[in-house]
Amino acid sequence: MYHLNFGYVWTHFDKLSWGLLLSLELAFVSILIGMAIGLSLALAYTSGGKLVRGAVAGYVEFIRNVPLLLLVYLVFYGVPSVGGFAYDSTTSFIITLSVYAGAYMVEVFRAGLAAVPKGLTDAGKAIGLTAWQRVVSVRLPTMFRIVLPSLSNAYVSLFKDTSLASVIAVPELTYGAQWIKTNSFRVIETWAVVTPMYLVTGYALLFVLQRLERRFAIH
Amino acid sequence: MLFAIQSLPFLWQGLLVTLHISVLIVFFALIAGTILGIGIVYGPGWLYWPIRLYSDFFRGIPLLVLIFFMYYGLPVFKVNLNNFAAVVLALTAFKTAHVIEVVRGAIQSIPKGQTEAAKSIGLTFGQRLLHVIVPQALRRFLPPWINAVVDTVKGSALVSLVGIVDLMLAIQQVIGRTYRPMPLYVLGAIMYFVINYTLSLASRRLEARFAYIRE
C-alpha cells in the first residue's frame, strides 16, 4: 500500500512558488514582445506590398506549423552553434516564446484590424485626421477592444506553454516539479500539488481577463 | 550536408512513429470526443457537469504535465503502462477535451429552427441527428477539427521527452552523433512543416468551400 507523504514537497515549496511566478513572468514578457511583433507585422501586412505580405505570411505559417518544442531546441542549441554566441536558457526561452506568440498575434491583430468598421476611419478622415492619427487614435484603440478576448486566451495558452521551458532547465513550475520528483521520488504528491497550481492560476487569470473584456467590450 | 542526407532514413523512421502516434490519438479522440460532445449538448444534467469538468480540467493543464503524470505517476496506482501507451493515453485524454468543444460548438451553431422543424415532421432523435444536425454541423466541425489534428502532430513532439524515438528524438539523436544542431533542427522543422502545412491548407480549403452557408 502506498502512503502519501507531502513533507518533501512542502519543504521545497519555494521551488514551486517561485517557479509559478517565473512561468507567469515568462508568459507576460513573451506576450508583450509578441504583441509588438504581431502589431507591427499586422500593420505592415495590411498596408504593405506583395513582398511584405509574403514574408509575413511565411513567418506566420512556419511558426504555426512547427512544434514549439523544436523551436525551443532550435533557438537554444541551434542558433548559438552557428552564430558563435551564447545566451542563458531563460533569455533563449523568452526569445522563442515571443517569436512563437508573435506569429499568433499577427493573425489576431490582422483579423482585428479587418473588423474595424470602415465608417470609423471615414469619419476620422471627415474630421481631418492625418493617416497616422487615424491609425493611432481610431483604428488601434477600436481594434484592441475587438481582439481582447483572443488576447486573454493567448495569454493563458502561453502560460501553459511555459512548461516547455523545463526542457532547457529554466527553473519555472514544471522544472521545480521535476526537481522535487527526481530528488524524492514522490511523484504523485508532486503532481498533485503542481496540477492544481496550473489549473487554479490559469482559470483565475482567465476570470480576471474576462472581467476586463466585459469592462472594455464594444456594445 | 552529407550527414544530413545520410540521416534521412533514420529520421524517416522517426517520422513514421510521429505519424503512427498522431493517427492513433486523432482516431481515439475523435470517437471519444464525438460521443462526449453529443452527450454534453443533448445529455441530461447529471451528464453535463462531469463532461464539462473533464473538458475544462484537461484543457487547463499543460500537456507536458499530463504526459509526465501518465508516465511517472500512474505506476503508483499499480497501472504500469509502457511509454508508448502512456503518451497515447495522455494525448488522447487531452485531445478528447478539444474535440468535445469542437463538436459542441458545431452542433450549437445550427439554428434551433432546424431541430424544431425536424421534430414537427415527426423525426425521432436518431433521425434528427443523422439527417438534419450532422450534415450541417459537419461543415462547422471539419475546419477546427483539422486544426486540432495539426495541434496533435505538433504536440506529439513532446513524447520524445519520455524516450519514444519519434521525429523529434530522432533529430536529437542524430545531433548527439554529429554535433551539428542547426542543419538538423532546420531539416526537422521542414519535415514537420510539410505535414502540418498540408493539413492547414486542407482546413482552409474546406472553410472556403463551406463559406457559402450563412444564416
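The structure this text deals with has already been given above.
On a predicted model such as this, the values are computed, not experimentally measured, just so you know. (Residues numbered from 1 in each chain as written. Chains lettered and ligands numbered in written order. Predicted model: local features only at pLDDT ≥ 70, side-chain atom pairs only at ≥ 80, totals over all residues.)

1. Here we look at the overall build of chain B
Put simply, the rule reads: Numbering of helices and strands runs from the N terminus, with a helix taken as a DSSP run of H or I at least four residues long and a strand as a DSSP run of E at least two residues long. Comment: burial labels come from other C-beta atoms within 10 Å of the residue's own C-beta, placed from the backbone, where a count of 20 or more is buried, 12 or fewer is exposed, and between is partly exposed.
In terms of regular secondary structure, chain B is built from 9 helices and 0 strands. By principal-axis analysis of the C-alpha atoms, chain B measures approximately 70 × 45 × 25 Å. Across the 215 residues of chain B, 36% fall into the buried class.

2. Looking at the overall build of chain A
Note the cut-off: Note on contacts: each residue gets a C-beta atom placed from the backbone, and two residues are in contact if those atoms are within 7 Å.
If you tally the helices and strands in chain A, you get 9 helices and 0 strands. Listing the helices and strands of chain A from first to last along the sequence gives α-α-α-α-α-α-α-α-α. For chain A, the C-alpha atoms occupy an extent of roughly 75 × 45 × 25 Å along the three principal directions. In chain A, which comprises 219 residues, the proportion classed as buried is 39%. Considering only residue pairs separated by 6 or more positions, chain A has 80% of its internal contacts joining residues 24 or more positions apart.

3. Quick word on the interface of chain A and chain B
Put simply, the rule is: Charged residues are taken to be Asp, Glu, Lys and Arg, nonpolar residues to be Ala, Val, Leu, Ile, Met, Phe, Trp, Tyr, Cys and Pro, and polar residues to be all remaining types, Gly included.
Each side of the interface is counted separately: chain A has 29 residues, and chain B has 26 residues. Breaking the side of chain A that touches chain B down by element, the ones donating at least two residues are helix H3 (50-64), helix H4 (68-83), helix H8 (173-184) and helix H9 (187-216) of chain A. In terms of residue count, the dominant contributor to the side of chain A that touches chain B is H9(A) (9 residues). A per-class count over the side of chain A that touches chain B returns 19 nonpolar, 7 polar and 3 charged.

4. Regarding the nonpolar core
Applicable threshold: Connectivity within a nonpolar core runs through C-beta atoms within 7 Å, and the core itself is a set of buried Ala, Val, Leu, Ile, Met, Phe, Trp, Tyr and Cys residues.
With 110 residues, the main nonpolar core has Leu70(A) and Ile67(B) as its most contacted residues. The dominant element in this core, judged by the number of residues it contributes, is helix H5 (residues 83-108) of chain B, at 13 residues. If we skip the residues at most four places from it in the chain, Leu70(A) touches Ala157(B), Met168(B), Tyr185(B), Gly188(B), Ala189(B) and Tyr192(B).

5. Things to note about the environment of Ser89(A)
Residue and element names in this part refer to chain A. Turning to its location among the elements, Ser89 is positioned in helix H5 (residues 89-115). Note on Ser89: 16 C-beta atoms within 10 Å, which makes it partly exposed. Separated by 39 residues in the primary sequence, Ser89 and Gly128 have C-alpha atoms spaced 50 Å apart. Sequence-distant contacts of Ser89, defined by excluding residues within four places in its chain, comprise Phe76, Ile168, Ala169 and Val170.

6. Considerations on the packing of H9(A) against helix H4 (residues 63-73) of chain B
Selection rule: Angular values range over 0 to 180 degrees, each being the angle between N-to-C directions of two axes fitted as lines to C-alpha atoms, with helices fitted over their stretch in contact. Each angle is binned into one of four classes, with values under 35 degrees roughly parallel, values over 145 roughly antiparallel, values of 65 to 115 roughly perpendicular, and all other values oblique. Crossing handedness is defined as follows: a turn of the near helix away from the far one that is anticlockwise and smaller than a right angle gives a left-handed crossing, while the clockwise case is right-handed.
Across the interface, H9(A) lies against H4(B) with an axial gap of 10 Å and an inter-helix angle of 160°. In this view, H9(A) runs roughly antiparallel relative to H4(B), as classed from their interaxial angle. Helix-helix and strand crossings are classified by hand; for H9(A) and H4(B) the assignment is left-handed. The segment H9(A) lies against H4(B), with Val187(A), Ile188(A), Trp191(A), Val194(A), Thr195(A) and Tyr198(A) engaging Val65(B), Phe69(B), Tyr72(B) and Gly73(B). By residue class, the composition of the contact of H9(A) with H4(B) is 8 nonpolar, 2 polar and no charged.

7. Describing the environment of Ile31(B)
Residue position: Ile31(B) is located in helix H2 (residues 8-42). Once the C-alpha coordinates of Ile31(B) and Val99(B) are considered, the two residues, 68 residues apart in sequence, prove to be 9.1 Å apart.

8. Focus on the environment of Ile100(B)
All names here are of chain B. Among the secondary structure elements, Ile100 is positioned in helix H5. Assessed through the 27 C-beta atoms surrounding it within 10 Å, Ile100 is described here as buried. Residues Ile100 and Ser55, 45 residues apart in the sequence, show an inter-C-alpha distance of 7.2 Å. Those residues in contact with Ile100 that lie beyond four places of it in its chain are Gly33, Leu36, Gly37, Ile40, Ile51 and Ser55.

9. Remarks on helix H9 (residues 181-209) of chain B
Residue pairs spaced three or four apart in an α-helix point in one direction, given the helix's 3.6 residues per turn. What counts, and what does not: For a helix, the expected span equals 1.5 Å multiplied by the number of residues minus one.
For H9(B), which comprises 29 residues, the first-to-last C-alpha distance of 41 Å matches the rise-based estimate of 42 Å (1.5 Å per residue) to within 8%. Considered for burial, the residues of H9(B) that qualify are Pro181(B), Leu184(B), Tyr185(B), Gly188(B), Ala189(B), Met191(B), Tyr192(B) and Asn196(B). Along its buried surface, H9(B) packs onto H4 of chain A together with helix H1 (2-6), H2, helix H7 (125-155) and helix H8 (167-178) of chain B.

10. A look at unusual backbone geometry
All names here are of chain B. The phi torsion at Lys78 lies on the positive side, around 65°, for a residue other than glycine. As for its position among the elements, Lys78 is in the loop between H4 and H5. With a phi close to 55°, Tyr179 is a non-glycine residue in the positive phi region. Its location among the elements puts Tyr179 in the loop between H8 and H9. Under the C-beta neighbour-count criterion, Tyr179 is labelled exposed, with 8 such atoms within 10 Å.

11. Overview of the packing of H5(A) against helix H7 (residues 131-161) of chain A
Residues and elements named next belong to chain A. At a closest axis distance of 9 Å, the pairing of H5 and H7 adopts a crossing angle of 150°. Between H5 and H7, the interaxial angle falls into the category roughly antiparallel. Here the hand of the crossing between H5 and H7 comes out right-handed. Facing Leu97, Ala101, Tyr104, Val108, Phe109, Gly112, Leu113 and Ala115 of H5, the residues of H7 in contact are Arg139, Met143, Ile146, Val147, Ser150, Leu151, Ala154, Leu158 and Asp161.

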